[in-house]
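Structural overview for review
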Amino acid sequence: MAEHAHSDEPLLQTPLHAEHVALGARMVPFAGYDMPVQYPAGILTEHNWTREHAGLFDVSHMGQAFLIAEDKSHETVAKALEALIPADVLNLKPNQQRYSQLLADDGGILDDLMVTRVGAAGHEGWLYLVVNASMKEQDYAHIQARLPKGIALRRKDDLGLMALQGPSAAAVLAKLAPETADLPFMMSADVQIEGIWCHVSRSGYTGEDGFEISCHGEDAAKLWTKFLADPEVKAIGLGARDSLRLEAGLCLYGHDIDTTTSPIEAGLIWSIQKRRREEGGFPGAERVQREIRDGAARVRVGIKPEGRAPAREGTIITTPDRREVGIVTSGGFGPTVNGPVAMGYVAKDVSAIGTDLHLVVRGKPLPAKVAAMPFAPHRYKR
């Protein structure tokens, strides 16, 4: 999981804390919050339920904020953010969402985030940001310090956020908000669910079709209960969230990506649109453009250990003749795959799918192969 809170600081609670406790969740410190790692059914059951039905996740610990241009111009606010991230923000359509990264001057990743062009009337020149819980204070400080005059960062710590993920998610949500049924992947809409204002985006971090739903904190428990009233929906903790995103081949900040990795090494070139690749104009552009041109010296790959023993984060990767070539950044048991899966960084010359590797677990080299990601097929609504 992510960084634990320092023990001398009281843990923060999301607006859904009492709901988790009432459901018998095992609570753990996560990114400064007291969060549910699993419910009584257990991680394996929760993981499979999400793949087969619909899982409901509390992600209210994430940072939600707005960037607002005083002159109400999308171009103004887009250019301000493009000076910090490599995504094309300028050409976002109203209500469209993109995944990107906050980059350091050397091209390392400070955090990954979601950016949406707000489409609601009267909110021209607004961008909605969702950043990682463990990084939100640093992110806000970083953004604030680099904003030009006429652009404001407005934190929204009073909002709740939940994710409804899985093959039944669309049908469940459509019963409560019919207009969400036709929402395309990475698009959003403002809807009312029984009088509760919700900002819904068709996205998530499980590899399944699904939605992230933002609402006012005081309405979160009511909305959560409404979703759980549907027999297709069960509450899912952080444990299954981690195994789901690992099978989907998705990066977790602080593990698979950090200040030492570039978007190109991490295999995130797809998140940098053509115009930005060519024009640059973002932090670390020189390195990113060089790695696009010449290739990166190391790359993130999927790894399938042979046998049943999972390779954990930090496991050294070698060639069969014992040359050290990399390190595992995420690993565990993949319930959908019914076996161990991992990802990590290896030298470019051993990154081809099918390449034989060894994982050094407790001093013992265990055979593994470079594998295609995702390990479980993505089922986004394209």
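A quick note: this is a predicted structure, and the numbers were derived from the prediction, not measured.

Quick notes on the overall build of the protein chain
Secondary structure summary: the protein chain contains 9 helices and 19 strands in total. Along the first, second and third principal axes, the C-alpha set of the protein chain runs to 65 × 50 × 45 Å. Within the span of the protein chain, comprising 382 residues, buried residues form 58% of the whole. Long-range pairs, those at least 24 residues apart, make up 65% of the contacts in the protein chain with a sequence separation of at least 6. Carbon and sulfur atoms provide 53% of the accessible area of the protein chain, an area that totals close to 16100 Å².

Points about the sheet that holds strand 11 (residues 196-201)
The strands making up a sheet associate through hydrogen bonds between their backbones, and the pairing can be parallel or antiparallel. Overall, mixed pairing links the 6 strands, which are arranged 10-11-12-9-3-13 in an open sheet. Each edge of the open sheet is held by one strand with a lone partner, namely strand 10 (188-193) and strand 13 (233-235). The mean inter-strand angle of the sheet, taken between neighbouring strand axes irrespective of direction, is 25°. Here strand 3 (residues 54-58) pairs with strand 9 (residues 159-165) via 4 bridges, running antiparallel. From the neighbouring strand, Phe 57 faces strand 9, where its bridge partner is Ala 163.

Digging into the nonpolar core
Side chains of nonpolar character tend, in soluble globular proteins, to be buried together. In terms of nonpolar packing, the biggest core is built from 36 residues, with Tyr 99, Ile 257 and Leu 268 touching the most fellow members. Counting only elements with at least two residues in this core, the list comes to strand 4 (63-69), strand 5 (97-103), strand 6 (109-117), strand 7 (126-131), strand 9, helix 7 (238-247) and helix 9 (285-294). No other element matches strand 7, which puts 3 residues into this core. Apart from residues no more than four positions distant in its own chain, Tyr 99 is found in contact with Ala 87, Asp 112, Leu 113, Met 114, Met 186, Tyr 205, Ile 257, Leu 268, Trp 270 and Ser 271. Within the second largest apolar cluster, 28 residues are counted, among which are Val 172, Leu 173, Leu 183 and Ile 196.

Description of the pattern of salt bridges
Side chains carrying opposite charge are able to pair once their charged atoms draw close together. For the structure on display, the rule yields 24 salt bridges. Linking Glu 306 and Lys 369 is a salt bridge whose minimum nitrogen-to-oxygen distance equals 4.0 Å. Remark: Lys 369 occurs in strand 19 (residues 364-371) and Glu 306 occurs in the loop between strand 14 (298-305) and strand 15 (316-318); sequence separation between them is 63 residues. Take Lys 369: its relative accessible area is 34%, and that puts it in the partly exposed class. Members of the salt-bridge network, linked through shared partners, are Glu 82, Asp 88, Arg 275, Arg 276 and Glu 279.

Focus: the environment of Glu 82
Structurally, the position occupied by Glu 82 is in helix 3 (residues 74-82). Relative accessible area serves as the criterion here: at 6%, Glu 82 is assigned to the buried category. The spatial distance from the C-alpha of Glu 82 to the C-alpha of Gly 326 is 32 Å, given a sequence separation of 244 residues. Residues contacting Glu 82, with those up to four places away along its chain left out, are Ala 87, Asp 88, Val 89, Leu 90, Arg 275, Arg 276, Gly 281 and Phe 282.

Thresholds, definitions, all that
- Residues numbered from 1 in each chain as written.
- Predicted model: local features only at pLDDT ≥ 70, side-chain atom pairs only at ≥ 80, totals over all residues.
- Heavy atoms only, no water.
- Helix = DSSP H or I, 4+ residues; strand = E, 2+ residues; numbered from the N terminus.
- Buried < 20%, exposed > 50% of the residue type's maximum accessible area, 1.4 Å probe, protein only.
- Contact = heavy atoms within 4.5 Å.
- Areas by Shrake-Rupley, 256 points an atom, 1.4 Å probe, with all protein chains shown as cover.
- Pairing = 2+ DSSP bridges.
- Axes fitted to C-alpha atoms, helices over the stretch in contact; angles between N-to-C directions.
- Core = buried A, V, L, I, M, F, W, Y, C linked by side-chain atoms within 4.5 Å.
- Salt bridge = Lys/Arg side-chain N within 4 Å of Asp/Glu carboxyl O.

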